[in-house]
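# Notes for the structure review
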Amino acid sequence: MVKLKYPLKFVGVTQDFKPTHLALDLAWNVKYGGKNADIYACGDGVVESIRDGRNNSMVNGDSGNYVTIKYAGGYETRTCHMLKGSITVKKGDKVTKDTLIGKMGNSGYCGRNKAYHLHFIVWKNGVRVNPRKHVYVYDDNVVAKSNEYKLL
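What comes next concerns the included structure.

### Points about the overall build of the protein chain
Across its full length, the protein chain holds zero helices and 16 strands. Rg of the C-alpha trace for the protein chain: 14 Å, near the compact-globule value of 15 Å for 152 residues, within the 12% margin. Dimensions of the protein chain, computed from C-alpha atoms along their principal axes, come out at roughly 40 × 35 × 30 Å. Taking all 152 residues of the protein chain together, 47% fall into the buried category.

Rendered as structure tokens:
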């Protein structure tokens, strides 16, 4: 069984998975890297695609800079709105849960306040699924006390 890990040390949800938002938005915390927190692969996998070089934009639907990784068991993840120039992997790279893939940012469309956060997408066999039901908190993750952490 594949046990994917959250891609950030700090796990604070700012927007949950719902029919109009098929992902989790994860917050930053000053104690765990701040606005440019480190982002890690969620397990053993292969980098499928990256996009880098995007700035913040006010175009709704623009996910900015991202890394997509394919894992065993039919899983794929995409970490979006990454900091321009921070992506440390390339297509075809093998990764583990300890592989740094980049940093949190606010590239692409991050709402009217241009807030730094991580838009976290998970697919199972090509279908978007709720990350909360498919990704696990590991011992080195720190979970926010509140289920709704505000974007700063």
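That covers the picture; the talk isn't over yet.
### Thoughts on the environment of I101
Within the element layout of this structure, I101 appears in strand β11 (residues 100–103). The exposure class of I101 is buried, given its relative accessible area of 1%. Not counting residues within four places of it along the chain, the set of residues in contact with I101 comprises I39, Y40, A41, V67, I69, T79, M82, S86, I87, T88 and V89.

### Concerning the pattern of salt bridges
Overall, the coordinates contain seven salt bridges when judged by the stated rule. The salt bridge partner of D62 is R54, with a shortest N-O separation of 2.9 Å. Among the residues examined, R54 registers a relative accessible area of 31% and is labelled partly exposed. Note that D98 and K97 form a salt bridge whose closest N and O atoms lie 3.6 Å from each other. Residues joined by salt bridges that share partners form a network here, namely R51, R54 and D62.

### Some remarks on the pairing of strand β8 (residues 65–71)
Regular strands place side chains that alternate from one sheet face to the opposite one. Most of β8 sits out of view: six of its seven residues are buried. Sheet topology places β8 next to strand β9 (residues 75–82); six bridges connect them, and they run antiparallel. Looking at β9, one finds that N65 is bridged to M82. Counting the residues that bridge the hairpin from β8 to β9 gives three residues, and of these G73 lies at a positive phi of roughly 75°.

### Things to note about unusual backbone geometry
Phi is mostly negative for residues that are not glycine, and the peptide bonds are mostly trans. Not every positive phi belongs to a glycine, and H81 is a case in point at roughly 70°. Relative to the helices and strands, H81 is located in strand β9. Taking the relative accessible area as the measure of exposure, H81 reaches 5% and is therefore buried. At N125, a residue that is not glycine, the phi angle is positive and equals roughly 50°. Its place among the elements puts N125 in the loop between β13 (118–124) and β14 (127–129). With relative accessibility at 58%, the residue N125 sits in the exposed group.

Quick notes on the rules
- Residues numbered from 1 in each chain as written.
- Predicted model: local features only at pLDDT ≥ 70, side-chain atom pairs only at ≥ 80, totals over all residues.
- Heavy atoms only, no water.
- Helix = DSSP H or I, 4+ residues; strand = E, 2+ residues; numbered from the N terminus.
- Rg over C-alpha atoms; globule rule 2.2 N^0.38 Å.
- Buried < 20%, exposed > 50% of the residue type's maximum accessible area, 1.4 Å probe, protein only.
- Contact = heavy atoms within 4.5 Å.
- Salt bridge = Lys/Arg side-chain N within 4 Å of Asp/Glu carboxyl O.
- Pairing = 2+ DSSP bridges.

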